[in-house]
Structures are given as C-alpha cells and as structure tokens.
Amino acid sequence: MSQEHVSATLTVAVPAASVFAVLADPTTHSAIDGTGWVQESAERTPLTEVGQIFRMEMYHADHPDGDYQVVNKVQVFDPPRAIGWLTGVEKDDGRLEFGDWMWRYDLAPLGPSATEVTLTYDWSAVPQSIREYLRFPPFGPEHLRDSLQHLAELAAPPCRA
C-alpha cells in the first residue's frame, strides 16, 4: 500500500467543544473504539497538554499476551480543533518507546451545534524495521467510521423524555 494513512469524516450535531471534551477524556476511549481492542483507561486524568502520557488497557487475540497495555503520548492539543497521540509501550526498565503511528482527530465547527470530525490513523513515520513484522493499518476500513459513530453517540446531549 503506497498510502500511509487512512481517514474518515463524519458530521455530528454536537458543538466542537463537546466533542473535544469526550476525546480529551481517556475513560471514554474504550467506548469510542471501533475494533473492541481498547478495554479501559488505566488513568482517569483528562488530557490537557502536549507531552502528556496516558495508558490504555488493551486486548487483541493475535497479541502474544492477549491482554496488554499501551502508552500514548499527546502530540497535538488544540482545543476544540485538534487532538492526537502516538502509541507505544513501556519497556521492562520503565523506558517508553513509541511506534511512530499516530491517531488524530480534527474538528471543524459548522456553527454552534454541528462539527465535522475527521479521524486519521497515520503510520507514515514508522520505520521499515517495524513494518517488517506489523501490518499497517492493523484494522479494516470500517474501524474509523465505527469509531466516529461511537464518538457522535457519546458526545450527543442526553435525550429528554
């Protein structure tokens, strides 16, 4: 594949600040995930700045351990317009190592109560040595669309009966 990123876009009937608040809360990421791999956040602290680290508990049947943890480092933090992070692991010696693939959400306000959300998974910086044993992207095209739909549902205001 010559393309080194995949994206999906969805317009949601929610203000950009509300969408951004959901994305900046790591406890919502398992509900947003379209693959079912993200299990839960290992931390409850909202994302507030570039360089912030947050961990997620994961599960994947093809992972050697099944259950594992990833470490994410915030690379983009521009409320309420963009947020993104690199994913990596913590080594046994405590050193953090990132794989150079990035998740990024770009939010374009379309008035006071609508937002165009674009989710991009970018692996263009991944070195060949990693590409030899990891396939990119590691999920099908429906993942990004499913994730955006889940995000829209989480960010929507509760229905009043």
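So, here is what we can say about the structure in this document. Once a new chain begins, its residue numbering starts again from 1 and follows that chain's sequence as written. In keeping with the model being predicted, local features are shown solely for residues with a pLDDT of at least 70 and side-chain atom pairs are shown and tallied solely at 80 or more, while totals for entire chains, interfaces and linings include all residues. As a convention, hydrogens and water are excluded, and side-chain values are obtained from all of the structure's heavy atoms.

Focus on the overall build of the protein
Quick note on the threshold: The helix and strand labels rest on DSSP assignments: H or I over at least four residues marks a helix, E over at least two residues marks a strand, and numbering proceeds from the N terminus. Using a 1.4 Å probe on the protein chains alone, a residue whose accessible area is under 20% of its type maximum counts as buried, one over 50% counts as exposed, and one in between counts as partly exposed. Here, two residues are considered to be in contact whenever any of their heavy atoms come within 4.5 Å of each other. Throughout, the Shrake-Rupley method with a 1.4 Å probe supplies accessible areas, and for residues the shown protein chains are the sole cover considered.
When helices and strands are counted, the protein shows 4 helices and 7 strands. Traced from its N-terminal end to its C-terminal end, the protein shows the element sequence β-α-α-β-β-β-β-β-β-α-α. Burial analysis of the protein (161 residues in total) assigns 40% to the buried set. In the protein, once contacts between residues fewer than 6 apart in sequence are set aside, the share between residues at least 24 apart is 50%. About 8,800 Å² of surface is accessible on the protein, with carbon and sulfur atoms providing 50% of the total.

A few points about the packing of helix 1 (residues 16–23) against helix 4 (residues 142–155)
What counts, and what does not: All axes here are fitted lines through C-alpha atoms, helices being fitted over the stretch that makes contact, and every angle between N-to-C directions spans 0 to 180 degrees. Here the angle decides the label: under 35 degrees means roughly parallel, over 145 means roughly antiparallel, 65 to 115 means roughly perpendicular, and every other value means oblique. Crossing chirality is assigned from the near helix's rotation relative to the far helix, an anticlockwise turn below a right angle marking it left-handed and a clockwise turn marking it right-handed. Classification used: nonpolar for Ala, Val, Leu, Ile, Met, Phe, Trp, Tyr, Cys and Pro, charged for Asp, Glu, Lys and Arg, polar for all others including Gly.
At a minimum axis distance of 9 Å, the contact between helix 1 and helix 4 shows a crossing angle of 110°. One element, helix 1, and the other, helix 4, form an angle in the roughly perpendicular class. The handedness of the crossing between helix 1 and helix 4 is right-handed. Taking contact as the criterion, the partners of Ser18, Val19, Val22 and Leu23 in helix 1 are, on helix 4, Leu151, Leu154 and Ala155. When the residues that make up the contact of helix 1 with helix 4 are grouped by side-chain class, the tally is 6 nonpolar, 1 polar and no charged.

What about unusual backbone geometry?
Of note, the amide linkage connecting Pro79 to Pro80 takes the cis form, showing an omega dihedral of -10°. Looking at where Pro80 falls in the secondary structure, it is placed in the loop between strand 4 (67–78) and strand 5 (82–90). Residue Phe136 is joined to Pro137 through a cis peptide bond whose omega torsion reads -10°. Along the polypeptide, Pro137 turns up in the loop between helix 3 (128–131) and helix 4. The phi dihedral of Asp100 falls on the positive side, at around 70°, and the residue is not glycine. Its place among the elements puts Asp100 in strand 6 (residues 96–109). A relative accessible area of 31% places Asp100 in the partly exposed class.

Details of the nonpolar core
Just so we agree on the cut-off: Put simply, buried Ala, Val, Leu, Ile, Met, Phe, Trp, Tyr and Cys residues joined by side-chain atoms within 4.5 Å make one nonpolar core.
Counting 37 residues, the largest nonpolar core has Val19, Tyr105 and Leu151 as its most contacted members. Of all elements in the fold, only strand 1 (5–12), helix 1, strand 3 (53–59), strand 4, strand 5, strand 6, strand 7 (115–122) and helix 4 reach the threshold of two or more residues within this core. Excluding residues that lie within four positions of it along the chain, Val19 makes contacts with Val12, Val14, Leu107, Thr115, Val117, Leu151 and Ala155.

Concerning the side chain of Thr120
This is how it is decided: By the criterion applied in these results, polar contacts are pairs of N or O atoms within 3.5 Å in which, for protein atoms, one can donate a hydrogen and the other can accept it, and in which residues neighboring in sequence qualify only through two side-chain atoms.
Relative to the helices and strands, Thr120 is located in strand 7. Owing to a relative accessible area of 14%, Thr120 belongs among the buried residues under this scheme. Among the polar contacts listed, one links the side chain of Thr120 to the side chain of Ser7, at a separation of 2.8 Å. Discounting residues that sit within four places of it in the chain, Thr120 has contacts with His5, Val6, Ser7, Met102, Trp103 and Arg104.

Overview of helix 4
Structurally, the α-helix is built with 3.6 residues per turn, so residues lying three or four positions apart point the same way. Put simply, the test is: Take the number of residues in a helix, subtract one, and multiply by 1.5 Å to get its expected span.
Taking 1.5 Å as the rise per residue, helix 4 with 14 residues should run 20 Å; its terminal C-alpha atoms sit 20 Å apart, in good agreement. Considered for burial, the residues of helix 4 that qualify are His143, Leu144, Ser147, Leu148, Leu151, Ala152 and Ala155.

Observations concerning the environment of Val76
When you line up the elements, Val76 lands in strand 4. Separated by 27 residues in sequence, Val76 and Trp103 have C-alpha atoms that sit 9.7 Å apart. Leave out the neighbours within four places in its chain, and Val76 touches Val50, Ala82, Ile83, Gly84, Met102 and Arg104.

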